[in-house]
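Residue strings, one per chain:
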Amino acid sequence: MASEYFKLVSFDQGGIKGEPNRRRLVCVTDSGGKLAIWGREAPIREMDNIDAVLKVGMPCTVECECDEPSEWASDFGHTHWVRQDSALKVVFR
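Residues numbered from 1 in each chain as written. Predicted model: local features only at pLDDT ≥ 70, side-chain atom pairs only at ≥ 80, totals over all residues. Heavy atoms only, no water.

(A) The arrangement of the pairing of strand β3 (residues 34–39) in detail. The buried fraction of β3 is high, at 5 of 6 residues. Two elements, strand β2 (residues 22–29) and β3, share 6 bridges in a ladder whose sense is antiparallel. Note that in β3 the partner of R23 across the bridge is G39. Where β2 hands over to β3, the hairpin turn is made up of 4 residues, of which G32 adopts a positive phi near 90 degrees. Relative to strand β5 (residues 80–82), β3 runs parallel, the two sharing 3 bridges. By the bridge assignment, I37 is partnered in β5 with V82. (Buried < 20%, exposed > 50% of the residue type's maximum accessible area, 1.4 Å probe, protein only. Helix = DSSP H or I, 4+ residues; strand = E, 2+ residues; numbered from the N terminus. Pairing = 2+ DSSP bridges.)

Structure (structure tokens):
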């Protein structure tokens with residue numbers, strides 16, 4: 001899994017979306033892409049990556065392990081995904 005840096009400039013879709021077992025926070029990057037950060041609140045809470053970005057707000061720069069999104073996500077403009085069990089660190093606010 002690749003580790004990359006992203007400058008996040010705004011939240012997309014108005015903040016956290018999805019069902020409790022599949023939450024996402026989509027952020028717009030300075031290059032125009034969309035980084036979807038995944039988490040869940042049930043059956044156990046795994047929201048550390050989403051919480052880290054919400055805590056500092058926009059804009060910020062993150063270093064994270066990311067994947068290519070699933071094919072269906074291209075309809076929403078997602079260019080990269082960060083899974084709830086992947087590393088994400090805010091490196092600059």
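Next comes the rest of the description.
(B) Up close: the side chain of T29. Mapping T29 onto the fold places it in strand β2. Among residues more than four places away in sequence, those in contact with T29 are F6, K7, L8, V9 and L35. (Contact = heavy atoms within 4.5 Å.)

(C) Structural view of the environment of G18. For G18, the location among the structural elements is in strand β1 (residues 2–19). Sequence separation between G18 and R40 is 22 residues, and the spatial gap between their C-alpha atoms is 9.1 Å. If we skip the residues at most four places from it in the chain, G18 touches R23 and R24.

(D) Just the pattern of salt bridges, in detail. In this structure the tally under the stated criterion is 6 salt bridges. Note that K34 and D12 form a salt bridge whose closest N and O atoms lie 3.0 Å from each other. Taken together, the residues K34 in strand β3 and D12 in strand β1 connect sequence positions 22 residues apart. A relative accessible area of 18% means that D12 is categorised as buried. The salt bridge partner of R40 is E46, with a shortest N-O separation of 2.5 Å. Note on R40: relative accessible area 22%, which makes it partly exposed. (Salt bridge = Lys/Arg side-chain N within 4 Å of Asp/Glu carboxyl O.)

(E) Region of interest: the nonpolar core. Core analysis: the biggest nonpolar cluster contains 16 residues, and L8, L35, I37, V53 and V62 have the highest contact counts within it. Those elements that provide at least two residues to this core are β1, β2, β3, α1 (48–56) and β4 (60–66). Element by element, the count of residues in this core is highest for β4, at 4 residues. If sequence neighbours within four positions are ignored, I37 has contacts with R23, R24, L25, C27, N49, I50, V53, V82 and L88. (Core = buried A, V, L, I, M, F, W, Y, C linked by side-chain atoms within 4.5 Å.)

(F) How the structure looks around the state of the cysteines. Under the definition given, this model contains 0 disulfides. Its sulfur unpaired, C64 is 5.0 Å from the next cysteine sulfur, which belongs to C66. (Disulfide = S-S within 2.5 Å.)

Treat this as a map of the structure, not an account of what it does.
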